[in-house]
Structures are given as structure tokens and as C-alpha cells.
Amino acid sequence: MQRSVSTFLIVVMLSASCAGVAPSSRLSRIRQRGFLTCGVFPGIAGFAQVDGEGHYTGFDIDICRAVAAAILESSDRVRYQPIASIDLFQRSNDIDIVSRRLTWSLRREGLHVLFGPVTFYDGQGFLVTGRLHAADAEGLAGVPLCVTSGSEHDVTLTAYFRRHQIALNSVRVPDGAAAGRALAEGRCQAFSADVSELASVRSTMENPRNFRILDARISREPLAQLVRQEDIDLFNVLRWTVLAMIAAEELGVTSGNVAEMSGRDDPEIARLLGTTPGNGAALGLDEAWARRVIADVGNYGEVFERNLGMSTPIAMERGLNALWTRGGLIFAPPLQ
């Protein structure tokens with residue numbers, strides 16, 4: 001009996017002691033570790049690719065690099081972890097952030113994750129052969145149309161064609177690469193998926209100019225990065241890092257002129273670049289965090305054009321991903 005009482009008291013004391021120890025924040029863990037671990041999905045040209053030497057590039061990769069620059073003072077301090085699902089992210093506490101063409105949706109956010117700002121406005125559309133004279137979904141009635149079997153694209157395509165009473169002749173394929181081959185071989189005359197994937201598939205074709213992406217969209221897919229709900233400190237850094245990149249484009253601050261612009265007598269630029277202090281302290285960062293992000297990675301427009309723009313094999317116009325001042329949906333709230 002005496003031993004049981006003693007054991008009980010020891011357990012109570014240990015529990016009380018542990019209860020008084022605050023768990024370390026995600027930002028603290030990243031700093032102690034010395035690098036950001038970013039979950040990605042390599043294989044989509046323009047968004048995330050890895051070469052034979054293990055070097056990662058792409059739009060999603062640059063968002064990871066920007067967050068690392070904000071926290072760790074270098075965009076190179078990132079380790080990439082291929083990740084196929086949110087479930088795998090939740091089971092690996094070592095992964096800090098996921099950046100991999102995920103659509104922000106209610107049910108996904110219900111999986112105890114937080115989505116950052118939309119970094120790419122996507123939507124399901126159609127890649128068609130140049131000889132096919134179709135301008136919209138109605139023009140694809142009865143046309144052999146590839147779609148990834150069992151995917152959300154398959155469900156959306158079937159529902160849309162049924163709702164609009166369009167004859168659907170779907171050809172189900174295992175993935176985008178198979179769809180590309182089917183288009184090249186003539187087994188399909190169109191392929192339906194998110195426009196980001198369509199552009200990626202087109203870039204791998206032997207003659208990309210023989211294929212075009214229709215303007216028509218049959219879904220809305222706002223893509224964003226995500227973190228765990230409990231990692232609110234990292235969520236705030238992710239959110240304002242993306243918004244700082246957008247604000248930089250709005251203000252004309254680029255990776256090439258950031259040093260010059262830091263001397264401008266402009267209160268918005270001064271707040272953005274930390275000349276006027278306060279934003280860094282609000283995020284638990286130093287005051288040069290946004291300046292570093294822009295210098296190392298670039299503003300939003302630079303990142304888009306470098307990875308996805310018309311001068312790249314992806315050859316995507318800005319469209320909805322243009323600044324609000326140029327007919328798009330991209331804008332940032334005041335950084336103050």
C-alpha cells in the first residue's frame with residue numbers, strides 16, 4: 001500500500017511538472033533543425049520536378065523556398081519530401097508544410113489543416129488536338145475524350161456532360177502521361193484535367209504547338225499550400241510570405257531592384273522591405289524577412305513567369321492569376 005501511494009505521488013508530480021512545460025512552436029523547431037521540410041509531389045512540369053542530381057524546381061518549390069528564406073535567412077535551407085496525400089502529411093510530424101497543387105476545400109480543411117492564400121487559380125478544362133475545331137465543352141460531344149480513371153476529374157466530367165446533356169465518349173487512362181500518349185497516337189482527341197496538368201502534359205508532347213487548351217472551365221480549383229491547424233505560427237508566416245510576394249509585384253519591387261527600392265521614400269515599400277519596422281516582430285521574424293524573400297526568390301509575377309509563363313515550355317498566360325489591376329484575382333491586403 002505504501003509503495004502504491006508513493007508511486008501515485010511521483011506520477012502526480014511528474015504530470016504537474018510536464019504540464020508546466022510549453023510545447024515548442026513549429027517555427028522554433030524549424031530554426032533548431034536548421035531547415036524547412038516541405039512535402040511536394042514531383043512530376044508535374046512547371047510546378048514540381050526533380051532532376052537526376054536531386055535538384056528541385058517549379059512553382060510549388062519556389063513557395064517552399066520563399067518560406068525558408070523568411071524563417072531561416074536562406075531559400076536553400078529546404079528539404080523536400082515527396083508526399084502523395086494529406087493523410088501521409090498528418091502521419092509525419094517532421095513535414096512542416098505541403099506545397100503540391102492541392103485544392104482548398106471545406107472537407108480537406110476539415111482534416112485539421114489550414115490552407116494558406118490561393119497561389120494559383122486553377123480549374124478543370126480541356127486539352128485538344130489542333131485539328132479539332134472545338135471552342136467549348138459542347139464542341140466535344142461524342143469526341144473520344146481521355147480522363148484519368150476514378151479521379152475527381154472523371155466524376156466532374158461525367159456530371160458536367162450529363163447536366164448539360166452533352167454526349168460523352170470518355171476514354172479512361174491511368175494518368176496524365178498515358179493521356180498524352182493517347183493524344184499523340186490518336187486514341188483520344190481531347191484530355192480533361194486541371195489546366196495546370198494540361199499545360200504540363202502539353203509541354204512533354206513531341207509537337208506541343210499541335211495541341212491547345214480551350215478557354216472553357218468546368219470547375220473552380222483554388223490551389224494553396226497547407227500546414228497543420230496547431231501550427232498557427234507557421235501558418236501566419238506562410239500566409240504573409242505569399243502576400244508579400246504579391247504586394248511586391250503590385251509595388252514594382254523585384255529581385256533585381258529590391259536594394260534600390262529599399263531606399264525609396266514610399267511608406268508601403270518601406271513597410272514591405274522592413275525599412276519601417278514592425279511587420280517582422282508581428283510574425284516572430286526579423287525585419288528583413290520580406291526583403292530576403294524577394295531578393296532570393298522574387299515577387300509573385302517573377303515566380304509565375306519563371307516556372308509557368310509564356311517563355312517556358314508550359315506557356316501559360318496569367319489569366320485569373322494576373323494582378324487584380326490587370327483583370328486577374330491576385331491581390332494582397334495591406335502589409336501594415
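See the structure printed just above.
Scope of this entry: the structure provided in the associated data block. (Residues numbered from 1 in each chain as written. Predicted model: local features only at pLDDT ≥ 70, side-chain atom pairs only at ≥ 80, totals over all residues. Heavy atoms only, no water.)

1. Some remarks on the side chain of aspartate 96
Reasoning step 1: Among the structural elements, aspartate 96 can be located in the loop between helix H4 (86–91) and strand S5 (97–98).
Reasoning step 2: Here arginine 26 takes part through its side chain, which lies 2.9 Å from a polar atom of the side chain of aspartate 96.
Reasoning step 3: Looking at aspartate 96, its side chain comes within polar contact range of the main-chain nitrogen of threonine 37, at 2.8 Å. (Helix = DSSP H or I, 4+ residues; strand = E, 2+ residues; numbered from the N terminus. Polar contact = N/O pair within 3.5 Å; in protein donor to acceptor, adjacent residues only side chain to side chain.)

2. Regarding empty space enclosed by the protein
Reasoning step 1: Throughout the structure, instances matching the rule amount to one cavity of 30 Å³ or more.
Reasoning step 2: As a volume, the largest cavity reaches approximately 40 Å³.
Reasoning step 3: Around the largest cavity, the lining residues are Phe47, Phe59, Asp60, Ser99, Arg100, Arg101, Leu102, Thr119, Phe120, Leu223, Ala224 and Gln225.
Reasoning step 4: If you list the elements that add at least two residues to the lining of the largest cavity, you get helix H3 (59–72), strand S6 (113–122) and strand S12 (221–228).
Reasoning step 5: Broken down by class, the residue content of the lining of the largest cavity amounts to six nonpolar, three polar and three charged. (1 Å grid on protein atoms, 1.4 Å probe; cavity = no way out; pocket = protein on both sides within 12 Å on 5 of 7 lines; lining within 4 Å. Points joined across faces, edges and corners; volume = space filled by probe spheres on them. Nonpolar A, V, L, I, M, F, W, Y, C, P; charged D, E, K, R; others polar.)

3. Structural notes on the pairing of S6
Reasoning step 1: Among the 10 residues of S6, nine are classified as buried, and the element is accordingly described as predominantly covered.
Reasoning step 2: Pairing geometry for S6 and S12, over seven bridges, is antiparallel. Across the sheet, leucine 114 pairs through a bridge with valine 227, a residue of S12. (Buried < 20%, exposed > 50% of the residue type's maximum accessible area, 1.4 Å probe, protein only. Pairing = 2+ DSSP bridges.)

4. A look at helix H13 (residues 289–296)
Reasoning step 1: Among the residues of H13, those classed as buried are Trp289, Ala290, Arg292, Val293 and Ile294.
Reasoning step 2: Of the surrounding elements, those touching the buried residues of H13 are H3, helix H9 (232–251), helix H10 (258–261), helix H11 (267–273) and helix H12 (279–283). (Contact = heavy atoms within 4.5 Å.)

5. Observations regarding the packing of aromatic side chains
Reasoning step 1: For the coordinates displayed, the defined rule picks out 10 aromatic pairs.
Reasoning step 2: When the centroid spacing of 6.4 Å and the interplanar angle of 65 degrees are considered together, the rings of phenylalanine 126 and phenylalanine 161 count as edge-to-face. Of this pair, phenylalanine 126 sits in strand S7 (residues 124–129) while phenylalanine 161 sits in helix H6 (residues 152–163), and the two are 35 residues apart along the sequence.
Reasoning step 3: Over the aromatic face of phenylalanine 35 sits the side chain of arginine 79, whose NZ or CZ is 3.9 Å from the ring centroid. (Phe/Tyr/Trp six-rings, centres within 6.5 Å; stacked < 30°, edge-to-face > 60°. Lys NZ or Arg CZ within 6 Å of the ring centre and 35° of its normal.)

6. Describing the sheet that holds strand S8 (residues 144–148)
Reasoning step 1: Sheet architecture is open: five strands sit in the order S9-S8-S10-S7-S11, paired in mixed fashion. Each having just a single partner strand, strand S9 (169–173) and strand S11 (211–213) make up the two edges of the open sheet. Here the average twist between neighbouring strands, direction ignored, is 30 degrees.
Reasoning step 2: Pairing of S8 with strand S10 (residues 190–194) involves two bridges; the strand directions are parallel. Bridging across to S10, leucine 145 finds its partner in alanine 190. (Axes fitted to C-alpha atoms, helices over the stretch in contact; angles between N-to-C directions.)

7. As for the state of the cysteines
Reasoning step 1: Summed over the entire model, instances satisfying the criterion amount to two disulfides.
Reasoning step 2: The disulfide partner of cysteine 38 is cysteine 64, and the S-S distance across this bridge is 2.0 Å. Its S-S torsion of about -50 degrees marks the bond between cysteine 38 and cysteine 64 as left-handed, since a negative value means left-handed. Of this pair, cysteine 38 sits in strand S1 (residues 36–40) while cysteine 64 sits in helix H3, and the two are 26 residues apart along the sequence. We note that cysteine 38, like cysteine 64, is buried.
Reasoning step 3: The disulfide bridge from cysteine 146 ends at cysteine 188, spanning 1.9 Å between sulfur atoms. Measuring handedness by torsion sign, the sulfur bridge of cysteine 146 and cysteine 188 sits at about 75 degrees and is right-handed. With cysteine 146 in strand S8 and cysteine 188 in the loop between helix H7 (176–185) and S10, this residue pair connects regions lying 42 residues apart in the sequence. The same class applies to cysteine 146 and to cysteine 188, which are both buried. (Disulfide = S-S within 2.5 Å.)

8. Things to note about the nonpolar core
Reasoning step 1: In this structure, Ile71, Val253 and Leu272 are the most contacted members of the largest nonpolar core, which totals 79 residues.
Reasoning step 2: Residues within four places of leucine 272 in sequence aside, it is in contact with Ala244, Ala247, Ala248, Leu251, Val253, Ala290, Arg291, Ile294 and Leu335.
Reasoning step 3: Core analysis: the second largest hydrophobic core is formed by 16 residues, Leu132, Leu140, Ile166 and Ile218 among them. (Core = buried A, V, L, I, M, F, W, Y, C linked by side-chain atoms within 4.5 Å.)

9. Some details on the pattern of salt bridges
Reasoning step 1: Tallied over the full model, the rule gives 13 salt bridges.
Reasoning step 2: In this structure, the salt-bridge partner of arginine 108 is glutamate 152, at a minimum N-O distance of 4.0 Å. In this pair, arginine 108 sits in helix H5 (residues 106–109) while glutamate 152 sits in helix H6, placing the two residues 44 residues apart along the sequence.
Reasoning step 3: By relative accessible area, which is 24% here, arginine 108 ends up partly exposed.
Reasoning step 4: In this structure, arginine 264 engages glutamate 260 in a salt bridge whose closest nitrogen and oxygen atoms are separated by 3.5 Å.
Reasoning step 5: The class of arginine 264 is partly exposed, set by a relative accessible area of 43%.
Reasoning step 6: Note on glutamate 260: relative accessible area 52%, which makes it exposed. (Salt bridge = Lys/Arg side-chain N within 4 Å of Asp/Glu carboxyl O.)

10. What about unusual backbone geometry?
Among all residues except glycine, the phi angle is most often negative; among peptide bonds, the trans geometry is most common.
Reasoning step 1: Although it is not a glycine, arginine 101 sits at a positive phi angle of roughly 55 degrees.
Reasoning step 2: Looking at the secondary structure, you find arginine 101 in the loop between S5 and H5.
Reasoning step 3: We note that alanine 315 has phi near 55 degrees; this positive angle belongs to a residue other than glycine.
Reasoning step 4: Assignment of secondary structure puts alanine 315 in the segment after helix H14 (300–307).
Reasoning step 5: Assessed through its relative accessible area of 26%, alanine 315 is described here as partly exposed.

Spatial relationships are all this shows, so hold off on functional conclusions.
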